[in-house]
Amino acid sequence: MSNHARPPVLIEVIVVVQRSVLLLDVAGPIEVLRKANLVQDVVHYRVRYVGTLPSVASSIGLSISGIEPLPDQLPSGALVVLPGTSDQIMDRASSLPSANCNDADSGIHEAAIIDWLRHSIKPGIRLVSICSGALFAARAGLLDGYDCTTHHLYIAELASAAPLSRVKENRLYVEDGERLTSAGITSGIDLMLHIVTKHTDHFVALAVARYLVVYLRRAGADPQLSPWLEGRNHIHPTIHRAQDAIIIEPTREWSVETLALVIGASSRTLSRLFNLHTSMSVTEYINRIRVALARELISGTHLDIETVAERAGFGSARQLRRAWARFYKAPPSQMRDVGIVSH
């Protein structure tokens, strides 16, 4: 845990739990937040579960209790999480889907939640939907004018429910202002890892992802994996320690020998394992991270290229441009001019 001097920023997380809720839509993303609370002290996620009923049956037949009533108002800065639901609940006796859950009573509860969303989601409150949870946001009119996505089976239904939205297909998740929507089930974990990254940093999100034995993936809007995350799709602890060390100090004078000393391995073992598990050399990985840092400095500051190169760990602007050209077609200066870079 970091030695952060100030108390953590409290972030209220309100999870709307409905009848026949998809259990993984709740458990996956919230487990991300639970672990994030344990590995850093910059922010603290306080989670509440709310709904129209004090207890409900989940999609797999397991009952969920301790659900609070829908609150009259939400604190500014809150995250409201809308998990998806299933049309059928598993019959635990037979492990087969039970009777259809789309009855009149369900309609009453769904209407109450949609009405609550419509009146409770105001500027300053972020709405996070998992899987078919986006349909509830759409019916409340909360996706009008926004880019959004959902599970591929519900794309057409989402477009019909929110005709003024811009529905995106083939995306893990979509972030548009205070609307964050994700695709099918496990992509809710991807979206929550993304949220944790924005609240803290890549290092924290990577630690959480490794605990969950998943890996960080970019949103579908980016055709390439982020250099900060590339090469992390493995579970070898020694190589993760090496990658963490580089990310923490990307400007350090790294060599294979220096890095090997830091992680307690021989240079030969490090080189072999690094190539095996990341499909790149240590030097290539260092350059990818430094280029990623340079890109952030170019897009987020007005520093000249020489200063950017120095702060990113390159010996000169020429060295930066040479490394940059391996990953991007356009030069660094063009990125600053137009705000984007072609891969």
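Not measured: the values here are computed from a predicted model. (Residues numbered from 1 in each chain as written. Predicted model: local features only at pLDDT ≥ 70, side-chain atom pairs only at ≥ 80, totals over all residues. Heavy atoms only, no water.)

### Quick notes on the overall build of the protein
A tally of helices and strands in the protein yields 13 helices and 13 strands. Within the span of the protein, comprising 343 residues, buried residues form 47% of the whole. Taken as a whole, the protein presents about 16700 Å² of accessible surface, with 53% of it coming from carbon and sulfur. (Helix = DSSP H or I, 4+ residues; strand = E, 2+ residues; numbered from the N terminus. Buried < 20%, exposed > 50% of the residue type's maximum accessible area, 1.4 Å probe, protein only. Areas by Shrake-Rupley, 256 points an atom, 1.4 Å probe, with all protein chains shown as cover.)

### A closer look at the pattern of salt bridges
One side chain can pair with another of opposite charge once the charged atoms of both are near each other. Per the counting criterion, the structure on display carries 10 salt bridges. Across the pair D176 and R166 runs a salt bridge, and its minimum N-O distance is 3.4 Å. Separated by 10 residues along the polypeptide, D176 in strand 12 (residues 173–176) and R166 in strand 11 (residues 166–167) bring together distant segments of the chain. The partner of E284 in a salt bridge is R288, and the shortest N-O contact between them spans 2.8 Å. Separated by four residues within a single helix, E284 and R288 lie in helix 10 (residues 282–300), roughly one turn from each other. Its relative accessible area of 15% is what places R288 among the buried residues. (Salt bridge = Lys/Arg side-chain N within 4 Å of Asp/Glu carboxyl O.)

### Topic: the confidence of the model for the protein
Mean pLDDT for the protein: 87, with 89% of residues reaching 70 or above. Under a pLDDT of 50 for its full length, residues 219–225 has, in the predicted model, 14 contacts with residues more than four places off or in other chains. (pLDDT = per-residue confidence, 0-100. Contact = heavy atoms within 4.5 Å.)

### Quick notes on the environment of D244
Its location among the elements puts D244 in helix 7 (residues 237–248). Accessibility expressed as a relative area gives 8% for D244, which makes it buried. Once residues lying within four places of it in the same chain are set aside, the contact partners of D244 are F203, R210 and R232.

### Remarks on a nonpolar patch on the surface
A contiguous nonpolar patch, built from I60, L62 and M90 and spanning about 240 Å² of accessible area, is present on the exposed surface. In this structure, I60 sits in the loop between strand 3 (56–57) and strand 4 (63–64). A relative accessible area of 40% means that I60 is categorised as partly exposed. (Patch = residues over 30% accessible without salt bridge, like charges linked within 9 Å, V, L, I, M, F, W, Y side chains within 5 Å.)

### Focus on the environment of T278
Mapped onto the fold, T278 is located in helix 9 (residues 267–278). Here the alpha-carbon distance between T278 and Q243, two residues 35 residues apart in the chain, equals 10.0 Å. If we ignore the near neighbours within four places in the chain, the residues touching T278 are G231, H234, I239 and Q243. Here F274 takes part through its backbone oxygen, which lies 2.6 Å from a polar atom of the side chain of T278. Polar contacts involving the side chain of T278 include one to the main-chain carbonyl oxygen of M280, which spans 3.1 Å. (Polar contact = N/O pair within 3.5 Å; in protein donor to acceptor, adjacent residues only side chain to side chain.)

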